[in-house]
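# Chain and residue survey
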Amino acid sequence: MKKQIGIVSIFCLLASNPSLLSQIAQEPPIYGSGDSSHPVVGRSGIVSSRDELSTKIGLDILKAGGNAIDAAVAVGFAMAVTTPQAGNLGGGGFMLVHHAETDTTIAIDYREKAPLGATRDMYLDEEGNVDPNKSRYSRMGAGVPGTVAGLAMALEKFGTLTLAEVIQPSINLAENGFPVDYDLYTSLKRGKENIQKLSPEAYSIYYHKDGRPYYPGEILKLPDLAKTLKAIASKGSDAFYKGSIAKLIARDMETNGGLITQKDLALYRPALREPVTGDFNGYQIASMPPPSSGGVHIVQMLNMLEPLDLSEYGHNSAKAIHLMAETMKYAYADRSKHLGDSDFNPVPVDWLVSKEYADSLRDKMNMDAATDSESIMPGTPPIEGPDTTHYNVIDKFGNAVANTYTINFSFGSKILVPGAGFFLNNEMDDFSAKPNVPNAYGLIGGEFNSIESEKRMLSSMTPTIVFKEGAPYLLCGGRGGSRIITAVLQVVLNVLEFDMNVSEAVAAPRVHHQWLPDQLRIEKTINTDTKSILESMGYELKAGFATGYTNAAMFEDGFFYGASDPRLPSGLAEGY
Ligand code: DON
């Protein structure tokens, strides 16, 4: 078990007198004695994201006296400029905020919504078959964006700076230009054919006249995006939902067969929700409720694993991987049936995250061999029961933000709103277009996730805060579609169960199972001995893209630690 360190109420003390920080943590934890990788360390705050420039912008805000929410909102806008393959204004996401002063933890749901004109069978062709091009590569695949409203809401509720102040660094980047990094370059290289075909506007911005994408180090200026950001900075999110930007979106939709209207945009509201909570070996877990499935299933899987003492078997031993894979199968089976937008259908959250339900599932688990996925059915709740980009910021006041937002695919639908300079999401593909037909991540969705106007599509995004003795201890989340939940599970277990520091926890090889297809995805660095044992237990192993990408931050013993996923070419955790 991770060593327990006495930091009772440290955040309450810091909130009333931040200068106390200098009196704490005279004795840093001793790393280096057997650790395979060291996290970044800070004394006064930490930001970890997949983008270097954005992390630095967040850190500048913290250094200047802003709080974690100010910094998180600034990072969100910055990544919309520097990381257009995932950071966005045209998408949506989920933010988990712990506000120290009021000792509250709240989930801001700014997931996209289906437009008013959306219908259940809108992606079916004449034969009744799903046409994935419609939900993935057309304006019909775009949900009503929530990012601008979500970030503005977070700032208004818990921030200390104005929208104009937190957006200014992003305006500077877009207007004066910024050096393209390797991550953006490779994404542009991969996306070239589709972007050229689907969005001449985007193609003319991100590629040179001879078709070369901007190369790492080349300075890219984004004047239209700068104009959009300036409008939001001066007029607030109304500029996006009711003003000039709403008009640009609606006009492009109307001309090109999309559904989003000015009315859809004017109607959009983010939702404040209670986080899903649970506990694991004395730590408290808070994560994202529906319409994300992330929080429900992270708590469900931790409940199933808690009594099994995985550390006894050793990290990534065949037995430990097997026990995790079994829990993943049961959780994803339940996801397929019970999860969706709880504003439309009751999701039996309390039952799914109860220790009793986890006990009943554990009783069904085969402890020694793989259970055939076909024999696992989603559970039945008692009748009376109710029912891709992540970053973290922790500040010296004890505030903490874990935020995941996305436009779904790399560059979303690949379609950029002409004149407005940002890509539109293709999040509608996360709905279940037809029962039992998998979406882009191979996920099977049920009735609760069918398309209805104004409904939010089911997500796997899992921004998570683990608390120790009531104070934020570990923040993490990730990207990778269906793999996000299992990646976050493993990062949390690596720290809480396998005694890893946050850098080791993020870097350690991971596995993924999602019930269907009945395959255990594994990273290639899982050793051959383990693979052979897993095969002998009945697993079909699939090597390759096994896991999501994660970022994590931690506060322990008066120090801040951070790590961004070494699986990515860019990314930066930095403290001060
Ligand atoms: O909400 C979801 O679950 C997906 N749209 C997330 C997409 C994603 O993580 C893509 N990143 N690689």
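You'll find the structure just up there.
Residues numbered from 1 in each chain as written. Predicted model: local features only at pLDDT ≥ 70, side-chain atom pairs only at ≥ 80, totals over all residues. Heavy atoms only, no water.

Our focus in this paragraph is the overall build of the protein chain. Broken down by element type, the protein chain carries 20 helices and 19 strands. The C-alpha atoms of the protein chain give a radius of gyration of 22 Å, which matches the 25 Å a tight globule of 576 residues would have. Referenced to the eigenvectors of the C-alpha coordinate spread, the extents of the protein chain come out at roughly 65 × 60 × 50 Å. The 576 residues of the protein chain split such that 64% are buried. Split by element, the accessible area of the protein chain, about 20200 Å² in all, is 51% carbon and sulfur. Within the protein chain, one finds 50 positive and 67 negative side-chain charges whose respective centroids are separated by 7 Å. (Helix = DSSP H or I, 4+ residues; strand = E, 2+ residues; numbered from the N terminus. Rg over C-alpha atoms; globule rule 2.2 N^0.38 Å. Buried < 20%, exposed > 50% of the residue type's maximum accessible area, 1.4 Å probe, protein only. Areas by Shrake-Rupley, 256 points an atom, 1.4 Å probe, with all protein chains shown as cover. Lys, Arg positive; Asp, Glu negative; His and termini not counted. Charge placed at Lys NZ, Arg CZ, Asp CG, Glu CD.)

Near the ligand lie 14 residues; those nearest to it are Thr388, Glu427, Asp430, Ser459 and Ser460. Contacts to the ligand include Asn408, whose side-chain N or O atom sits 2.8 Å from a nitrogen atom. A distance of 3.0 Å is found between an oxygen atom of the ligand and a backbone nitrogen or oxygen belonging to Gly480. (Near = heavy atom within 4 Å. Polar contact = N/O pair within 3.5 Å; in protein donor to acceptor, adjacent residues only side chain to side chain.)

Turning our attention to the sheet that holds strand β14 (residues 511-512). The 3 strands lie next to each other as β14-β15-β16, forming an open sheet whose pairing is mixed. The open sheet is flanked by β14 and β16 (541-543), the only strands paired with a single partner. With 3 bridges joining them, strand β15 (residues 520-522) and β16 adopt parallel strand pairing. The partner of Leu520 across the bridge, within β16, is Leu541. (Pairing = 2+ DSSP bridges.)

With that settled, consider the pattern of salt bridges. Scanning the entire structure with this criterion turns up 25 salt bridges. Its salt-bridge partner being Glu218, residue Arg212 comes within 3.9 Å of it at the nearest N-O pair. Judged by relative accessible area, Arg212 falls into the partly exposed class, the value being 41%. Looking at Glu218, the relative accessible area reads 25%, which means it is partly exposed. (Salt bridge = Lys/Arg side-chain N within 4 Å of Asp/Glu carboxyl O.)

This part takes up the sheet that holds strand β11 (residues 400-406). Backbone hydrogen bonds are what pair the strands of a sheet, in a parallel or an antiparallel way. Strand order in the open sheet made by the 7 strands is β7-β4-β3-β11-β10-β2-β19, with antiparallel pairing throughout. The open sheet is flanked by β7 (271-273) and β19 (572-575), the only strands paired with a single partner. Taken over all neighbouring pairs, the strand axes of this sheet differ in orientation by 10° on average, direction set aside. Relative to β11, strand β3 (residues 92-99) runs antiparallel, the two being bridged by 7 bridges. Bridge pairing links Val97 to Val401 in β11. Across the sheet, helix α3 (residues 68-82) lies against β2 (45-49), β3, β10 (389-395) and β11, angled at about 150° from β10, the strand it touches most. Against the sheet, helix α5 (residues 147-158) makes contact with β3, β4 (104-110), β7, β10 and β11, and its axis sits at roughly 160° relative to β4, the strand it touches most. (Axes fitted to C-alpha atoms, helices over the stretch in contact; angles between N-to-C directions. Contact = heavy atoms within 4.5 Å.)

Take the nonpolar core next. Counting 87 residues, the largest nonpolar core has Leu474, Leu493, Leu496 and Leu520 as its most contacted members. Ranked by the residues each element gives to this core, the list is headed by helix α15 (residues 318-338), at 10 residues. Beyond its immediate chain neighbours, meaning those up to four positions away, Leu474 contacts Thr464, Ile465, Val466, Val492, Val495, Val502, Ala552, Ala553 and Met554. If you look at the next biggest cluster of nonpolar residues, it comprises 81 residues, including Ala68, Val81, Met153 and Ala154. (Core = buried A, V, L, I, M, F, W, Y, C linked by side-chain atoms within 4.5 Å.)

For the rest of this paragraph, the subject is the packing of aromatic side chains. On inspection of all chains with the given rule, the structure shows 14 aromatic pairs. Centre to centre, the rings of Tyr203 and Tyr207 are 4.8 Å apart; their planes meet at 25°, and the pair counts as stacked. Plain terms: the ring middles of Trp351 and Tyr357 are 4.1 Å apart, the flat faces sit at 35° to each other, and that makes the pair tilted. Per residue, the accessibility class of Trp351 equals that of Tyr357, and both read buried. Three or more aromatic residues joined by ring pairs form one cluster here, namely Phe240, Tyr241, Tyr268 and Phe422. (Phe/Tyr/Trp six-rings, centres within 6.5 Å; stacked < 30°, edge-to-face > 60°.)

For the rest of this paragraph, the subject is the packing of helix α13 (residues 294-305) against α15. In the contact formed by α13 and α15, the axes pass within 9 Å of each other and the chain directions differ by 140°. As judged from the angle between their axes, α13 and α15 are oblique. Crossing of α13 against α15: the hand is right-handed. Contact residues: His297, Gln300, Met301, Met304 and Leu305 in α13; Leu323, Met324, Thr327, Met328, Tyr330, Ala331, Asp334 and Arg335 in α15. Looking at the contact of α13 with α15 residue by residue, the class counts come to 8 nonpolar, 3 polar and 2 charged. (Parallel < 35°, antiparallel > 145°, perpendicular 65-115°, else oblique. Left-handed = near helix turned anticlockwise from the far one by under 90°. Nonpolar A, V, L, I, M, F, W, Y, C, P; charged D, E, K, R; others polar.)

The subject of this paragraph is helix α11 (residues 244-255). Within an α-helix, residues lying three or four positions from one another point in the same direction, as the helix has 3.6 residues per turn. Taking 1.5 Å per residue as the helical rise, α11 with its 12 residues ought to reach 16 Å, and the 17 Å between its terminal C-alpha atoms agrees with that figure. Of the positions making up α11, those classed as buried are Ile245, Ala246, Ile249, Ala250, Asp252 and Met253. Across the axial projection of α11, the buried residues extend over an arc of 160°, all falling on one side. Those residues of α11 that are exposed and angled more than 90 degrees off the buried face are Arg251, Glu254 and Thr255. Turning to α11, the residues buried within the fold contact α9 (223-235), α10 (238-241) and α12 (262-267). Residue Gly257 follows α11 closely and has a positive phi angle near 80°. (Expected span 1.5 Å × (residues − 1). Arc of directions from axis to C-beta.)

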